[in-house]
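Examining the three-dimensional arrangement
Listed below are the residues making up each chain.
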Amino acid sequence: MSSETITRQIVRIDEALCTGCGVCVSPCAEGAIQIVDGKAKVIREELCDGAGFCLGVCPTGALTLEERETVPFDHEAAEPIMAQKKANYIAQHCFNCGASEDAAPLLPVRTKGDSTWVCTRCLPALIHG
Ligand code: SF4
């Protein structure tokens, strides 16, 4: 890893809001987030690409994006972690119709106090009633 730093977008975790539930660990394809001592942490900043896929699943709003100086995202470091996570990945399902993400893309959604997933086939009906 290079010691060069740049200003870029990266995930920020508010420890006061984090319950350590671990829901944000799985959506992070690069393995940047782990639970350490009961709190979510970006364990290696070069693994966080700042895309923010973890944000929507956090039930407490502990995750946000910030722009600050840090190391650049390291594709080469993330590649083997992404490949390993893919091998062990368990497909998620739409809370509304039960469709697997293999059948239709899923989006994170909050409903009745839960953070869950909805498929793109069900989303229009949920929006328009
Ligand atoms: S989903 Fe939110 S509350 Fe749960 S571990 Fe991640 S940051 Fe903490």
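Numbering of residues starts from 1 in every chain and runs along the sequence as written. The model is predicted, so local features are restricted to residues of pLDDT at least 70 and side-chain atom pairs to those at 80 or more, both for listing and for counting; the totals for chains, interfaces and linings are taken over all residues.

Side note on the overall build of the protein
- Numbering goes from the N terminus for both helices and strands, where a helix is a DSSP run of H or I of at least four residues and a strand is a run of E of at least two. The helix and strand inventory of the protein stands at two helices and six strands.
- In terms of principal-axis extent, the alpha carbons of the protein reach across some 50 × 35 × 25 Å.
- Residues with at least 20 neighbouring C-beta atoms inside 10 Å of their own are called buried, those with 12 or fewer are called exposed, and the rest are partly exposed, where every C-beta is derived from the backbone. Going through the 129 residues of the protein one by one, you find that 19% of them count as buried.
- Restricting to contacts in the protein with at least 6 residues of sequence separation, those with at least 24 account for 58%. Two residues form a contact once the distance between their C-beta atoms, set from the backbone, is within 7 Å.

Comments concerning the domain arrangement of the protein
- An automatic or database domain assignment provides the domain bounds reported here. Looking at the protein, the domain boundaries give domain 1 (1-88) and domain 2 (90-129).
- Once you take the C-alpha centre of each, domain 1 and domain 2 turn out to be 23 Å apart.

A word on the site of the ligand
- Placing the C-beta atom from the backbone, one calls a residue near a molecule or strand if that atom lies within 6 Å of it. The full set close to the ligand counts 14 residues, and Cys18, Cys21, Cys24, Ala40 and Cys58 are the nearest of them.
- Throughout, the ten residues Ala, Val, Leu, Ile, Met, Phe, Trp, Tyr, Cys and Pro are labelled nonpolar, Asp, Glu, Lys and Arg are labelled charged, and all others, Gly among them, are labelled polar. Considered class by class, the residues forming the shell around the ligand number ten nonpolar, four polar and no charged.

Some words on the nonpolar core
- We call a set of buried Ala, Val, Leu, Ile, Met, Phe, Trp, Tyr and Cys residues a nonpolar core when their C-beta atoms link them within 7 Å. Cys24, Ile33, Cys54, Cys58 and Leu63 are the most contacted members of the largest nonpolar core, which has 15 residues in total.
- Not counting residues up to four positions away in its chain, the partners in contact with Ile33 are Cys24, Val25, Cys28, Ala40, Lys41, Val42 and Cys54.
- Within the second largest apolar cluster, six residues are counted, among which are Cys94, Leu106, Val118 and Cys119.

So, the environment of Glu66
- The topology assignment puts Glu66 in strand E4 (residues 63-70).
- According to the C-beta neighbour criterion, Glu66 is exposed, with 11 such atoms within 10 Å.
- Between the alpha carbons of Glu66 and Arg8 there is a distance of 8.1 Å; along the sequence they are 58 residues apart.
- Beyond its immediate sequence surroundings of up to four residues, Glu66 is in contact with Ile10 and Arg12.

Observations concerning unusual backbone geometry
- The backbone of Asp37 shows a phi angle near 50 degrees, a positive value even though the residue is not glycine.
- Within the secondary structure, Asp37 is located in the loop between strand E2 (33-36) and strand E3 (39-42).
- When the 7 C-beta atoms within 10 Å are taken as the criterion, Asp37 is described as exposed.

Notes on the environment of His93
- With respect to the element layout, His93 can be found in the loop between helix H1 (75-87) and strand E5 (106-111).
- The spatial distance from the C-alpha of His93 to the C-alpha of Thr116 is 8.8 Å, given a sequence separation of 23 residues.
- Beyond its immediate sequence surroundings of up to four residues, His93 is in contact with Gly98, Ala99, Ser100 and Trp117.

A short note on the environment of Lys85
- As for its placement among the helices and strands, Lys85 is situated in helix H1.
- In this structure the C-alpha to C-alpha distance between Lys85 and Ser26, which are 59 residues apart in sequence, comes to 8.6 Å.
- Excluding residues that lie within four positions of it along the chain, Lys85 makes contacts with Ala29 and Gly31.

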